[in-house]
Amino acid sequence: MPLPANARVDIERFWATIERSAEIGPGRPGGLSRLAVSDSDKEIRDEFVGWCRQAGLSIRVDGIGNIFARRAGTDDSLPPVVMGSHLDTQINGGRFDGIAGVLAGLEVCRTLDALGHRTRRPLEVVNWTNEEGARFSPPMVGSGCFTGAYTLDWAQGRRDDDGKSIGEELARIGYLGEMEASPHEFDAYFEFHIEQGPILDRDGMQVGVVTGGFPSTGMLVEFRGETAHTGPWPMERRKNALLAGARFLVAVDDLGWDHAGSGGKATAARLVAWPNKPGILSDWAQAVGDVRHPDPETSEVMAERMRRAVGEAAARTDCTAEVLDVWKWGGRIFAQELIDQVRMTSLALGYRTQDILSQAGHDAYFVARHAPTTMIFAPCKGGITHNNAELCTREDLEPGLNVLLQTVLARADR
Ligand SMILES: [Zn+2]
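None of these values were measured; they are calculated from a predicted model.

A. Broad picture of the overall build of the chain. Secondary structure assignment for the chain yields twelve helices and eleven strands. Compactness check: the chain gives a C-alpha radius of gyration of 22 Å against a globular reference of 22 Å for 414 residues, within 12% of the reference. Summarising its shape, the C-alpha atoms of the chain cover approximately 80 × 45 × 40 Å along the three principal directions. In the chain, which comprises 414 residues, the proportion classed as buried is 57%. The long-range fraction of contacts in the chain, counting pairs at least 24 apart against all pairs at least 6 apart in sequence, stands at 79%. When the accessible area of the chain is evaluated, it comes to approximately 16600 Å², of which 50% is carbon and sulfur surface.

B. A look at the pairing of strand β8 (residues 284-292). By the criterion of burial, β8 is predominantly enclosed, with eight of the nine residues buried. When strand β6 (residues 207-224) meets β8, the two strands line up antiparallel, connected through nine bridges. Its bridge partner being in β8, Phe 223 is matched across the sheet by Ala 285. As paired elements, strand β7 (residues 265-274) and β8 share nine bridges and run antiparallel to each other. Note that in β8 the partner of Trp 274 across the bridge is Trp 284.

C. Broad picture of the side chain of Thr 217. Along the chain, the position of Thr 217 falls in strand β6. Classification of Thr 217 by relative accessible area gives buried; the value is 1%. With residues up to four places along the chain from it excluded, the contact list for Thr 217 reads Gly 289, Asp 290, Val 291, Ala 303, Met 306, Val 326, Trp 327, Lys 328 and Trp 329.

D. Unusual backbone geometry, seen in detail. A cis amide bond, omega 0°, links Ser 137 with the succeeding residue Pro 138. By secondary structure assignment, the location of Pro 138 is in the loop between β4 (123-127) and α4 (141-146). Notably, Asp 318 is not glycine yet its phi reads approximately 60°, a positive angle. Position of Asp 318 among the secondary structure elements: in the loop between α9 (296-317) and β9 (320-331).

E. A look at the UniProt feature "binding site: Zn(2+) 2" (unreviewed entry) in the chain. UniProt tags Asp 97, Glu 132 and His 386 as "binding site: Zn(2+) 2" (unreviewed entry). A maximum C-alpha distance of 9.8 Å among these annotated residues, which run over 290 residues, shows that they cluster at one spot. Positionally, Glu 132 belongs in the loop between β4 and α4. Setting aside residues no more than four positions away along its own chain, Glu 132 makes contact with His 86, Asp 88, Thr 89, Gln 90, Asp 97, Pro 139 and His 386. Within the secondary structure, His 386 is located in the loop between β11 (373-378) and α12 (394-413). Owing to a relative accessible area of 38%, His 386 belongs among the partly exposed residues under this scheme. Setting aside anything within four residues of it in sequence, one finds His 386 in contact with Gln 90, Asn 92, Asp 97, Glu 132 and Gln 196. Within polar-contact distance, the side chain of His 386 engages the side chain of Asp 97 at 3.0 Å.

F. Examining the coordination of the zinc ion more closely. At 2.1 to 2.3 Å from the zinc ion lie its protein donor atoms, namely His 86 (NE2), Asp 97 (OD) and His 193 (NE2). For the zinc ion, the single-chain donor residues occur in sequence as H-x10-D-x95-H. One end of the pair, His 86, is in the loop between β3 (81-85) and α3 (99-115); the other, Asp 97, is in the loop between β3 and α3, with eleven residues separating them in the sequence. Taken as a pair, His 86 and Asp 97 share a single burial class, namely buried.

G. Structural view of the nonpolar core. Judged by nonpolar contacts, the single largest core of 94 residues is most densely connected at Phe 14, Phe 48, Leu 123, Phe 186, Phe 192, Leu 397 and Leu 404. Among the elements that take part in this core, α3 stands out by supplying nine residues, more than any other. Split by domain, this core shows at least three residues from each of two domains, domain 1 (11-196 + 360-413) and domain 2 (215-329). Sequence-distant contacts of Phe 14, defined by excluding residues within four places in its chain, comprise Ala 100, Leu 103, Ala 104, Glu 107, Leu 397 and Leu 401. Grouped together as the second largest cluster of nonpolar side chains are 22 residues, Ala 303, Met 306, Ala 314 and Cys 319 included.

H. Representation of the packing of aromatic side chains within the structure. Summed over all chains, the structure comprises eleven aromatic pairs. When the ring of Phe 68 is compared with that of Phe 146, the centres are 5.2 Å apart and the planes differ by 40°; the resulting orientation is tilted. Of this pair, Phe 68 sits in strand β2 (residues 67-71) while Phe 146 sits in helix α4, placing them 78 residues apart in sequence. One exposure class covers both Phe 68 and Phe 146, and it is buried. Relative accessible area serves as the criterion here: at 1%, Phe 146 is assigned to the buried category. The structure contains a cluster of three or more aromatic residues connected by ring pairs, namely Phe 68, Trp 128, Phe 146, Phe 186 and Tyr 189. One cation-aromatic arrangement involves Arg 158 over Trp 154; the distance from NZ or CZ to the ring centre is 3.7 Å.

I. Broad picture of helix α6 (residues 166-173). Every buried residue belonging to α6 is among Ile 166, Gly 167, Glu 169, Leu 170 and Ile 173, and all of these are buried. Down the axis of α6, the smallest arc covering the buried residues is 165°, so these residues share one side. Close packing links the buried residues of α6 with α2 (39-54), α4 and α5 (152-156).

How each quantity is defined
Residues numbered from 1 in each chain as written. Predicted model: local features only at pLDDT ≥ 70, side-chain atom pairs only at ≥ 80, totals over all residues. Heavy atoms only, no water. Helix = DSSP H or I, 4+ residues; strand = E, 2+ residues; numbered from the N terminus. Rg over C-alpha atoms; globule rule 2.2 N^0.38 Å. Buried < 20%, exposed > 50% of the residue type's maximum accessible area, 1.4 Å probe, protein only. Contact = heavy atoms within 4.5 Å. Areas by Shrake-Rupley, 256 points an atom, 1.4 Å probe, with all protein chains shown as cover. Pairing = 2+ DSSP bridges. UniProt positions renumbered as here; feature names shortened; annotations may be inferred. Polar contact = N/O pair within 3.5 Å; in protein donor to acceptor, adjacent residues only side chain to side chain. Donors = N, O, S within 2.8 Å, 3.2 Å for Na, K, Ca; no water. Core = buried A, V, L, I, M, F, W, Y, C linked by side-chain atoms within 4.5 Å. Domains from an automatic or database assignment. Phe/Tyr/Trp six-rings, centres within 6.5 Å; stacked < 30°, edge-to-face > 60°. Lys NZ or Arg CZ within 6 Å of the ring centre and 35° of its normal. Arc of directions from axis to C-beta.

Right, dumping it as structure tokens:
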């Protein structure tokens, strides 16, 4: 079947689907609070599965709740070309982060249906579980489990702040699938995503060709001290774990400022402590920090200084510290062949196009370990994201959707 080079997505149909999604799990005005494996996650999953079935896609769910919707190819024995992202959001999330990438895959399938075109290779649209890490730590647990970075048991056992595990919650909402955890082969993986930064919008660009990600390191640290009365207890005998966590996080933030001139970022992301009450010193705290920099060596220097900050914070407060988890992501991990193809397609379609590094973590980072992978970025207003004011227009999204469509077609029909 000839390649329909004039094929374009139906932006109004895509937009209507985005708007329906935006009704599910409302958060602050205009935004979403659709935490992974919650009741509202079930609702959007049901809706998504319904849309996929209407489009003739077959559905499989794996043991960590990742949903794969498959459109058969004319040679269905070949590995699929896969598109996707995540339908969960941050606690104060927007309507586009992740969601646009899953619904983009659906829109590609709908467009091909409308054209009566069946690709040689099968297509799949995937929704990865718990990308955000807003409810269960770590983030990207679905794609990480699928690609073997985490075992299924470990991933299912991650617990939210109320002690509920992903596995229990998936079973409760009906998305604990039986499909084996070991991954099936992908021909390629394309993730369409909003940039989540200000560069494309500022530069008036329509499509970001993502060449890799900021090399990044995140760390979960536990501090232990001793409870005591906040009044009489002598300063020199205090072991305040809350303070250890706070000192660590201030040090992480300082790292960001030290390297900000060359594009570095550091985040004091989370601090919890017990009992965390007035009148008593805390004997336990957990802190999460991360560092990222476009230059791999500098990123490693920042990560090493973050590690040292753990010991310094503990020593200064007479607490003990244990690094419970370290996660690394980013780098030049995407497939050059796919990057070039996205760039060529975007330029051929006449879009203002620019190479860009991703500064956020994405499921594509894990999938890149498993299959040739790349990402396509669309601009979002002012780069605002993880915020209910996150905003894209049809005009922001349509070029990237068409690049996805044409790139996937070329790949799947070869
Ligand atoms: Zn995302």
